[in-house]
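Topology and contacts: notes
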Amino acid sequence: MKLIISVVLLLFSLTAVASAGYSSHFDFRLYKKEAAETGPTILIIGGIQGDEPGGFNAAALLATEYTISKGNLWVVPNLNFESIIKRSRGIYGDLNRKFSSLDRNDPEYELIQKIKAIIQDKQIDVVLNLHDGSGFYRKKYIDRLHGPQRWGQSIIIDQETIKTQRYGKLMALAKDVRETVNAVIKDKGARYHVRNTRTREGDAEMEKTLTYFSIRNQKPAFGLEVSKEYLTHERVYYHLLLVESFMHKLGIKFKRSFALQKAAVKDKIDNHVKLSINDGKIYLDVANARRRLTYVPLKKSAPVDLDSNSPLMAIIDDRNGYKVRYGNRHVTYLQPQYFDYDSSLEKVSIEVDGQMQMVALGSIVEINNSLLVDPLPGYRANIIGFKKPGLKNEVGVLIRRNDIASRFSVDRKARLFRLEFYKDNKYCGMLLLSFNRKEATKISSLSTGIRVSSP
Ligand SMILES: [Zn+2]
């Protein structure tokens, strides 16, 4: 069977990165993951509130780490992206209360129109809205953390059924999913409950929500709540259990790039996110990045263009530099030094542990002992933190880890260092030198073809 997985990125911004305001970095993204074998379509929404990392990290993994072989998965991993990046529930108020009536002047008016149109797309069969809720929902009051006043570990429906051709028995489907996930959740306290908010019978708050908007448009919709009592990766684990169960019930077939266990989920979130800036001219490994990087060679009078394998990554202007954010997390602060860029150098010849190799700029070079950059007429090599005083060009010099001051490393473990190339006063690009590790990776392979900037 021929398999076509298309990852489509809809860019809603007209301005993209062309303006200096970087506002486009906050547009949400839609991933359409579609298989050649037809089947139903689930729409996943993450990050409707910016302070619920379980939901938006789960949606981000669904967007980037799953392949679909039957049916379709549409994923919006970062609906309220600006609030996610700024770690706020909603910097313009609660986005999940803007779906019934909304002032045209509301700053999120356009965003709401765009997501409403996606929900109403005739291809969508079921909508799942991923939340992190307080405590643990129980039908009867037990204690402060457990009771009807709490939301965690519940599947929310607005009413028992809706009139649609398929999947309209909301309560029955929610209960079916609950039975399936509870069978694999060993911790009894974490098991799921179904909650019917009976929105139509007069719940004024719930009438303003995304799921009730879906219901009013004949789209079966469920709110999935994971408890804020759990750590982020645990929340993601529970969310993925639920979403996968919905996919199974609907007959959507998929594969993922990791094992569905808490430790593997944590590793995926923490250690596999990379970013490159300005077409690979600058490269960072998000795991263990230093809180602040100085003398970062950015391009004179041009916007910063970011590319990452995660949809939760953003760069924001901050005084004289840039904050790099990954969801709710601070990655690093870039203190720039501005240069004109030169694109004449693509590869360099280097000797790693005595072995000659040609390496493309924008790569990581793994080194056990020593490095030597071969003669490169017209260009200058500069290892940030290299300690030989008076030396302006480090071409032709044998370099070992101990020749570089640890405080200049890119990472907190003092293993990764920048080797930068210049022509006259123009910046050509960099290599990341990684001491004492084995496999080599190439930066250009980090992207899944998804770009933050406009194509
Ligand atoms: Zn929420």
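Definitions and cut-offs
Residues numbered from 1 in each chain as written. Predicted model: local features only at pLDDT ≥ 70, side-chain atom pairs only at ≥ 80, totals over all residues. Helix = DSSP H or I, 4+ residues; strand = E, 2+ residues; numbered from the N terminus. Buried ≥ 20, exposed ≤ 12 C-beta atoms within 10 Å, placed from the backbone. Contact = placed C-beta atoms within 7 Å. Core = buried A, V, L, I, M, F, W, Y, C linked by C-beta atoms within 7 Å. Pairing = 2+ DSSP bridges. Axes fitted to C-alpha atoms, helices over the stretch in contact; angles between N-to-C directions. Expected span 1.5 Å × (residues − 1). pLDDT = per-residue confidence, 0-100. Parallel < 35°, antiparallel > 145°, perpendicular 65-115°, else oblique. Left-handed = near helix turned anticlockwise from the far one by under 90°. Nonpolar A, V, L, I, M, F, W, Y, C, P; charged D, E, K, R; others polar. Arc of directions from axis to C-beta.

**Points about the overall build of the chain**
The number of helices and strands found in the chain is seven helices and 26 strands. Projected onto its principal axes, the C-alpha positions of the chain cover 80 × 50 × 50 Å. For the chain, the residues scored as buried account for 42% of the 455 residues in total. Across the chain, the fraction of contacts at a sequence separation of at least 24, relative to all contacts at a separation of at least 6, is 68%.

**What to know about the nonpolar core**
Burial of nonpolar side chains together is a common tendency in soluble globular proteins. Counting residues in each nonpolar core, the largest one holds 114 residues, and the members touching the most others are Ile44, Leu62 and Leu128. Broken down by element, this core gets its largest block of residues, nine residues, from helix α6 (residues 232-250). Once you skip the residues sitting within four places of it in the chain, Ile44 turns out to touch Ala59, Leu62, Leu73, Val75, Leu128, Leu130 and Val243.

**Thoughts on the sheet that holds strand β15 (residues 306-308)**
In any sheet, the strands associate via hydrogen bonds between backbone groups, in a parallel or an antiparallel arrangement. Strand order in the open sheet made by the three strands is β13-β12-β15, with antiparallel pairing throughout. If you trace the sheet from one side to the other, it starts and ends with β13 (282-285) and β15, each paired once. Put simply, the sheet's adjacent strands are angled 20 degrees from each other on average, direction ignored. Two elements, strand β12 (residues 274-277) and β15, share three bridges in a ladder whose sense is antiparallel. Counted as the bridge partner of Ile277 is Leu306 from β15.

**What to know about helix α3 (residues 109-120)**
Spanning 12 residues, α3 covers 17 Å between terminal C-alpha atoms, matching the ideal 16 Å at 1.5 Å per step. In the core, the buried residues of α3 are packed alongside β3 (37-45), β4 (66-76), β5 (126-133) and α5 (210-216).

**What to know about unusual backbone geometry**
Located in the positive-phi region is Asp353, a residue other than glycine, with phi close to 50 degrees. With respect to the helices and strands, the residue Asp353 is situated in the loop between β19 (347-352) and β20 (355-360). The phi torsion at Asp424 lies on the positive side, around 50 degrees, for a residue other than glycine. Summarising the element assignment, Asp424 is placed in the loop between β25 (416-423) and β26 (426-435).

**Quick look at the confidence of the model for the chain**
Put simply, the chain has an average pLDDT of 90, and 90% of its residues get 70 or more. Predicted confidence is poor over residues 1-23, with pLDDT under 50, and the contacts of this stretch with residues over four places away or in other chains come to 43 contacts. Low pLDDT (under 50) marks residues 438-455, which in the prediction has 37 contacts with non-local residues, meaning those over four places away or in another chain.

**A short note on the packing of helix α4 (residues 170-184) against α6**
Two elements in contact, α4 and α6, have axes whose closest approach is 9 Å; the angle formed by their N-to-C orientations is 125 degrees. One way to sum up the angle between α4 and α6 is to call them oblique. The element α4 and its partner α6 pack so that their crossing is right-handed. Contacts between α4 and α6 involve Leu173, Asp176, Val177, Thr180, Val181 and Val184 from the first element and Leu241, Leu242, Ser245, Phe246 and Lys249 from the second. In terms of residue class, the contact of α4 with α6 is built from seven nonpolar, two polar and two charged.

**So, the sheet that holds β19**
Taken together, four strands build an open sheet; the order of strands is β20-β19-β22-β24 and the sheet is antiparallel. Looking at which strands have only one partner, the edges of the open sheet turn out to be β20 and β24 (399-400). Sheet analysis places strand β22 (residues 370-373) next to β24, joined by two bridges and oriented antiparallel. Residue pairing for β24: Ser370 is matched across the bridge by Arg400.

**A closer look at the packing of helix α1 (residues 53-65) against α6**
Interhelical geometry of α1 versus α6 gives an angle of 60 degrees and a closest axis separation of 8 Å. Taken together, the axes of α1 and α6 lie oblique to each other. Two packed elements cross with a definite hand, and for α1 against α6 that hand is right-handed. Mapping the contact onto sequence places Pro53, Gly54, Gly55, Asn57, Ala58, Leu61 and Leu62 in α1 and Thr232, Arg235, Val236, His239, Leu240 and Val243 in α6. Residues of the contact of α1 with α6, tallied by class, amount to seven nonpolar, five polar and one charged.

**Here's the deal with the pairing of strand β18 (residues 329-339)**
Judged from the six bridges that link them, strand β14 (residues 292-299) and β18 form a sheet pairing that is parallel. Paired with Leu298 across the bridge in β18 is Tyr338. Taken together, strand β17 (residues 321-326) and the strand that follows it, β18, pair antiparallel across an intervening segment of two residues, in which Gly327 is found at a positive phi of about 60 degrees.

**What about α4?**
The first and last C-alpha atoms of α4 sit 22 Å apart over 15 residues, in line with the 21 Å expected at 1.5 Å per residue. Those residues of α4 lying buried are Leu170, Leu173, Ala174 and Val177. The buried residues of α4 occupy one face: seen down the axis, they fall within an arc of 100 degrees. Structural note: α4 exposes Glu179 and Ala183 on the side pointing more than 90 degrees away from its buried face. Where α4 is buried, its residues meet β8 (154-157), β9 (193-196), β10 (221-227) and α6.

**Topic: the pairing of β13**
Burial along β13 is two-sided: the face carrying Ile282 and Leu284 and the face carrying Tyr283 and Asp285 are both buried. Bridge count for β12 against β13 is four bridges, and the pairing is antiparallel. Within the sheet, the bridge partner assigned to Lys274 lies in β13 and is Asp285. Turn length for the β12-β13 hairpin, with the two strands adjacent in sequence and antiparallel, is four residues, and the turn residue Asn278 shows positive phi of about 55 degrees.

**What to know about the environment of Ile215**
With respect to the helices and strands, Ile215 occurs in helix α5. Expressed as a C-alpha distance, the spacing of Ile215 and Ile162, which sit 53 residues apart in the sequence, is 7.2 Å. Apart from residues no more than four positions distant in its own chain, Ile215 is found in contact with Asp158, Gln159, Ile162 and Ala221.

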